[in-house]
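What the coordinates show
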Amino acid sequence: MTEPSKLPHHGVPEHQPAAGGIAARARATAAPQYLTGLNPEQRDAVVTLDGPVLVLAGAGTGKTRVLTTRIAHILSQGRARPHEILSVTFTNKAAREMKLRLGQMLGQAVEGMPWLGTFHSIGGRILRIHAELVQLKSNFTVLDVDDQVRLLKQLLQAENIDDKRWPARMLAGLIDGWKNRGLTPAQVPSGEAAVFGNGKGGKLYASYQERLKILNAADFGDLLLENIRLFREHPDVLRQYQSRFKFILVDEYQDTNVAQYLWLRLLSQAPSKPGVPLSSVVPGALDSPVIPSPVIPGRVDSPVVPGRIEDANPEPRDKEDSSRDSGFAPFDAPRNDERNVAPSSPLKNICCVGDDDQSIYGWRGAEVDNILRFEHDFPGAKVIRLERNYRSTGHILAAASHLIAHNEGRLGKTLRTEDVDGEKVTVTGSWDSEEEARAIGEEIEQLQRAGDNLNEVAILVRASFQMREFEDRFVTLGLPYRVIGGPRFYERAEIRDALAYLRVINSPADDLAFERIVNVPKRGLGDATVQMLHDHARKRRIPLFEAARAVVETDELKPKARGSLRDLILHFDRWRAQREVTAHTVLAEIVLDESGYTEMWQKDRSADAAGRLDNLKELVRSMEEFENLQGFLEHISLVMDRDTGPEEQAVSLMTLHSAKGLEFDNVFLPGWEEGLFPSQRTLDEQGRAGLEEERRLAHVGLTRARRRAKLYFATNRRIHGTWSTTIPSRFLDELPADNVEITESKGGSGWGGAGGYGASRFDNVESFGSSYTTPGWQRAQANRARNNQGGRHGQTRDGFEESQSPFSDLRGDSSGSRGNAGGFSRAKRGPMVIEGELVAKSTGTVSEFALDDRVFHQKFGYGNVVKVDGNKLTIAFEKAGEKKVVDSFVERV
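This is a predicted model, so every value here is computed, not measured. (Residues numbered from 1 in each chain as written. Predicted model: local features only at pLDDT ≥ 70, side-chain atom pairs only at ≥ 80, totals over all residues. Heavy atoms only, no water.)

**Brief notes about the pattern of salt bridges**
- Applying the stated criterion to the full structure yields 58 salt bridges.
- One salt bridge in this structure joins D497 and R516, with 2.8 Å as the shortest N-O distance. Highlighted residues: D497 in helix 18 (residues 493-506) and R516 in helix 19 (residues 511-517), separated in sequence by 19 residues.
- Here the salt bridges share partners, and the residues they tie into one network are R391, E423, D452, E456, E663, D665, R706, R707 and R708. (Salt bridge = Lys/Arg side-chain N within 4 Å of Asp/Glu carboxyl O. Helix = DSSP H or I, 4+ residues; strand = E, 2+ residues; numbered from the N terminus.)

**Remarks on the pairing of strand 6 (residues 247-250)**
- In strand 6, alternate side chains face the same way, and those of F247 and L249 on one face and I248 and V250 on the other are all buried.
- With four bridges joining them, strand 6 and strand 7 (residues 349-354) adopt parallel strand pairing. Bridged to I248 within strand 7 is I350. (Buried < 20%, exposed > 50% of the residue type's maximum accessible area, 1.4 Å probe, protein only. Pairing = 2+ DSSP bridges.)

**Considerations on helix 20 (residues 527-540)**
- With 14 residues, helix 20 should cover 20 Å at 1.5 Å per step; its first-to-last C-alpha distance of 20 Å lies within 8% of that length.
- When helix 20 is considered as a whole, its buried residues turn out to be T529, V530, L533, H534 and A537. The arc that holds the buried residues of helix 20, viewed along the axis, is 140°, so those residues lie on one side. Looking at helix 20, the residues exposed on the side facing more than 90 degrees away from the buried face are D527, A528 and K539.
- Contacts from the buried residues of helix 20 go to helix 6 (145-158), helix 19, helix 21 (544-551) and helix 22 (559-578).
- Count one or two residues on from helix 20 and you reach R541, which has phi positive near 55°. (Expected span 1.5 Å × (residues − 1). Arc of directions from axis to C-beta. Contact = heavy atoms within 4.5 Å.)

**What about the sheet that holds strand 1 (residues 53-57)?**
- An order of 3-2-6-7-1-8 is seen for the six strands of this open sheet, with the pairing classed as parallel. Edge strands, defined here as strands with exactly one partner in the open sheet, are strand 3 (116-118) and strand 8 (382-386). Ignoring strand direction, the axes of neighbouring strands in this sheet form an average angle of 15°.
- Pairing analysis gives four bridges linking strand 2 (residues 85-89) to strand 6, with the strands arranged parallel. (Axes fitted to C-alpha atoms, helices over the stretch in contact; angles between N-to-C directions.)

**Some remarks on the packing of aromatic side chains**
- Applying the stated rule across the entire model yields 26 aromatic pairs.
- Relative to Y241, the ring of W115 has its centre 6.0 Å away and its plane inclined at 85°; by these criteria the two rings are edge-to-face. Of this pair, W115 sits in the loop between helix 4 (92-106) and strand 3 while Y241 sits in helix 11 (residues 235-244), and the two are 126 residues apart along the sequence. Y241 carries the same exposure label as W115, and that label is buried.
- Their ring planes at 65° and their centres at 5.8 Å tell us that F119 and W263 sit as a pair that is edge-to-face. With F119 in helix 5 (residues 119-129) and W263 in helix 12 (residues 258-267), the pair connects residues that are 144 residues apart, well separated along the chain.
- Each member of the aromatic cluster is reached from another via a ring pair, and the members are Y501, F514, F545, F572, W575, Y597 and W601.
- Positioned above the aromatic ring of W115, the side-chain terminus of R125 is 4.8 Å from the ring centre.
- The ring of F378 has R265 lying over it, and the distance from NZ or CZ to the ring centre is 5.6 Å. (Phe/Tyr/Trp six-rings, centres within 6.5 Å; stacked < 30°, edge-to-face > 60°. Lys NZ or Arg CZ within 6 Å of the ring centre and 35° of its normal.)

Below, the structure written as structure tokens:
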């Protein structure tokens, strides 16, 4: 019988449209336009708005579409206003893409969503609003890694610690790791603090934090760590944000670290009443910030060994967030049993989107257990699996799914596609890494001749040192390529100098910026003067700029230095006053001119001076899209990606970590050998947990491919200048035989196979034949015949600076020597471009230069040709001495 409360007027029961009936079908046709085209799982993830939701989105399953459509659904249903939605991404690029898609869906620009951005940009926004509560001012400076290291060097010097034995970069990595795990100086375990500086690591961390407050500065770790402290120490502020955000959405949840986890957990609780302890909202929140591991059925190991610091030398990392990442994985040791208790306070509508099979950043602090324990952290959570892949072909997905199924620590899903099976995944062995580079070069040329776009070709390496032989090979072939994650525009010396001037104008307490430009251009203010200013600032506990203002009124400095310093202070006072009435772009031009910085480069006679001046002009142009100077400077601090793409086709060369989130028609995966992939160092340090992360990295690499995935391994490889004999990666034997095809190398010599290493089903090739009939080998033979030369021609590609991570000096990922180039004769092609810079035009075998020709080189300057060897020149440079260079790098004078 129908309950009376369910009976409207006159006792007539409520009516619901029958499933599959006319009304239900008519209602479906009237569904919002943005819901059309979604598959059932995607639609479920979009329309499930109440309670915690975990969307397990495999590679290529439309994760971004689901996230943006969910926001559009929330807004269109009137469940929240734009400023009541917190949407967190990991990169500025992802945030911009989400805003663009939302604008297209809703027919308007989503300007009313101030809380859509990266963890650090949103954390920085909150911190600026409440800066005084954490002993900062609202115009605080966000330091980058370079400034962190310079500040730490000063602290090491003050403590009389040898910075050669205890590098500042190592300490920066330690501190970043502690902050990624939510540890304040007082919370760092004594055993960890003792590993640096003869037990002074903790003291240095505390001194560093104290100095940051004096400088009115914060580093990237502080943008979340100080947020957590703010919320813990000021529950009223936490309640304010808990009440504001009705919906929370998180992208790439598998990549969150402990600090990001704690920040989200605090915000994702329903607001507590005033006077209620915070520990009742988030158990253990006032105690340890460290979370325990979940109990995963069938899992036999912990992802991170409890109580152990990870090595400070991770493999090459992703370009997007390098300046905020640490070289350490977090602790996984439980410190408080309360953390295993489900929170007593009701949870907000939080939706986390991620893929446990793509968690590959454990070495920088990301904690895969955050996603594995989601149902424990948010009881009653609904888990929705997105398994239909819209990117790759059937064979590629089958290979990737079969490979990742060997991992035990995963929630489990199987990617599928409704498209054709396509080409099988190929596995190719080569004798050495040089042949591997030649073989891949040959295949890319064949793709190019078949009409494939080079922008749809990518080479994904496990370690950055693998790139060298490919770079040399591409120079030889004249194939244009770009290194993803290479040197950034804002990291150039002239740009950093210009930004330092602008930072001091924005924040006079920015000591590191002031010290950088106090004698640039040269003003007669040497190290002794700077040291005097430091001593005065330290004693008075004031910023360096104020110390300089005080010192110029005394006789401590010589008259010339005192006058120069006084003029500089007056300049800054005037520029700061002009800031209020002058556009920031105009102000930047005034500063560069009046400081003498532009004139310094105009008078410079070096080969790159003109390029530096152009860069400064570009810097001013880049400021135009920002409202004010502070907004521009904050953008520079937070931006992690390039805004402009290449203008011409080029092969993409990058590490596997940098490739996450990208996709290409053709993906080449070299170096699938034991010790390299999986990385032996990772296996030694993390055991099975490390092996599983390496396998996830292999899964990521395979799923970058849309049409073709090609795996390679070499029997011999040169690592850091030393040749080593290797065996094929265990991951090859974990691939499904039905989806894999064995091919022979096209790199100019027969494959020696894996003889002596035991049987493998990939060894059952009936006949390898001879690979000396490839077009590349024929060109090489013709070249040798014409020049009557034997052997290979090595080439050194000067003038290109390889990208490195902020802490790369601790890793030694760069190989000590380059691969041989192969000496091929090529018809001339278009100029080769790396990120828009002209590197080489062509590499012919007969040089147009002769003995005693007067030439100019961009790096080495002027000189005379003393020897010609094919397209290689030996040149006696006036300043650099004798150097061997490729003739395409020099100009006749």
